[in-house]
Amino acid sequence: MVNFNGQIVDDQELYLNSKNRGLLYGDALFETIRVVNGKVIFWEDHYLSLMSSMRILRMEIPMSFTMEFLEEQILMVLPTGVDTTSAVIRITVYRNNGGSYEPESNEVSYIIDSDILANPYYILNEDSYEVELFKDYSLSKNMLSNLKTTNRILNVVGSVYAKENGYNNCLLLNESKSIVGALNGNFFLVKDKVIKTPPAEDGCIKGIVRKKILDILNKIDTYECQEISVSPFELQQADELFITNSVVGIQPITKYRKKTYENKVAKDILGKLNAAARFN
């Protein structure tokens, strides 16, 4: 089911055409959100992230775009005819048709669609998961790299490279050769009791699960949490590596080159993340 500007539609021509600015210029933003048993998980964080990103891109935020309104729009596309009210939701906001690089208007439209969520809670995938560095292209260290825009061609090319070479994922580098994240999420490194993740200034996506994990870690004394640049040379000395996003929660990395990793810390944090989601 697709919600296009408040109307449930099944005809793509209503919202996707040759003049769509998201298609032509990547002039669009998105948020990927979990809905569990009819409840939008971490909704306030997702909402504030979307509003902040729209302001940065100088999109006009409609007066109707309140938290309550958009939550209602999200719930309209929950799966029907199945024994679940849990889903992965994607909301895409794009500038309306008109103009070239300079838009005729900053007014926006939105599309919300959904896929059935197999498990309502985050489950740790303990299967083999091998990564490599993607060195062909790098991310810029600026605010635009922090945003979830639909201009994700680097991630697409990196995903093709990973598939061609038998990797499950790749780690992205910025222009300073620091690790920024993975193709599909944020990146964490564990060494002893220290957990590192790249800072926003290095060009990482400001992911919501990343934010929630940082919130969790800053409230406990078990680990020392650092938002700090991560060098590829640190990968070989790490105890654990893991990737985070709103779909899987935490994905442990089991292998990088000849180095293998455990997942004890990832498992511990995942339990706390599920608890945070339940009481969100």
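Look above for the structure.
Heads up: these notes are all about the structure in this document. Keep in mind it's a predicted model, so treat the numbers as computed, not measured.

About the cut-offs
By convention here, each chain's residues receive numbers from 1 onward along its written sequence. Predicted model: local features are reported for residues with pLDDT of at least 70 only, side-chain atom pairs are reported and counted for 80 or more only, and whole-chain, interface and lining totals are derived from all residues. For the side-chain quantities, the full set of heavy atoms in the structure was used; hydrogens and water were omitted. Think of it this way: any DSSP run of H or I at least four residues long counts as a helix, any run of E at least two long counts as a strand, and we number them from the N terminus. Each radius of gyration reported is based on C-alpha atoms, and the globular scaling rule is 2.2 Å times the count of residues to the power 0.38. For the exposure calls, accessible area comes from a 1.4 Å probe over protein chains only, and a residue counts as buried if that area is under 20% of its type's maximum, exposed if over 50%, partly exposed in between. In this description, contact between two residues means that some pair of their heavy atoms is separated by no more than 4.5 Å. Within this scheme the basic residues Lys and Arg register as positive and the acidic residues Asp and Glu register as negative, but His and the chain ends are omitted. Note on charges: their place is set at NZ of Lys, CZ of Arg, CG of Asp or CD of Glu. When DSSP finds two or more bridges between two strands, those strands count as paired. Convention adopted: a line fitted to C-alpha atoms gives each axis, helices being fitted over their contacting stretch, and angles between N-to-C directions are expressed from 0 to 180 degrees. Each residue after the first adds 1.5 Å to the expected span of a helix. Note that the arc is computed from the directions linking the helix axis to the C-beta atoms.

Across its full length, the protein holds seven helices and 16 strands. A compact globule built from 280 residues should have a C-alpha radius of gyration of about 19 Å, and the protein, at 19 Å, falls within 12% of that. Principal-axis analysis of the C-alpha atoms places the extent of the protein at approximately 50 × 40 × 35 Å. Scored against the burial criterion, the 280 residues of the protein give a buried share of 49%. A separation of at least 24 residues holds for 70% of the contacts in the protein among residues at least 6 apart in sequence. Here the protein contributes 30 positively and 36 negatively charged side chains, and the mean placements of these two sets differ by 6 Å.

This part is about the sheet that holds strand 14 (residues 249–253). Reading across the sheet, the five strands line up as 12-11-10-13-14 and stay open at both edges, with mixed pairing between neighbours. Both outer strands of the open sheet, strand 12 (224–227) and strand 14, are each paired with one neighbouring strand and no more. Between one strand axis and the next, the sheet turns through 25° on average, direction left out of account. Relative to strand 14, strand 13 (residues 240–245) runs antiparallel, the two being bridged by five bridges. Bridging across to strand 14, T244 finds its partner in I250. Seen against the sheet, helix 7 (residues 264–278) touches strand 10 (186–191), strand 11 (194–197), strand 13 and strand 14 and runs at an angle of roughly 175° to strand 14.

This part covers helix 7. Taking 1.5 Å of rise per residue, 15 residues should cover 21 Å, and helix 7 covers 22 Å from first to last C-alpha, within 8% of that figure. The set of residues buried in helix 7 consists of V265, A266, I269, L270, L273, N274 and A277. Buried residues of helix 7, seen end-on, are gathered within an arc of 165° and therefore sit on one face of the element. Where helix 7 is buried, its residues meet strand 4 (39–40), strand 10, strand 11, helix 6 (208–217), strand 13 and strand 14.

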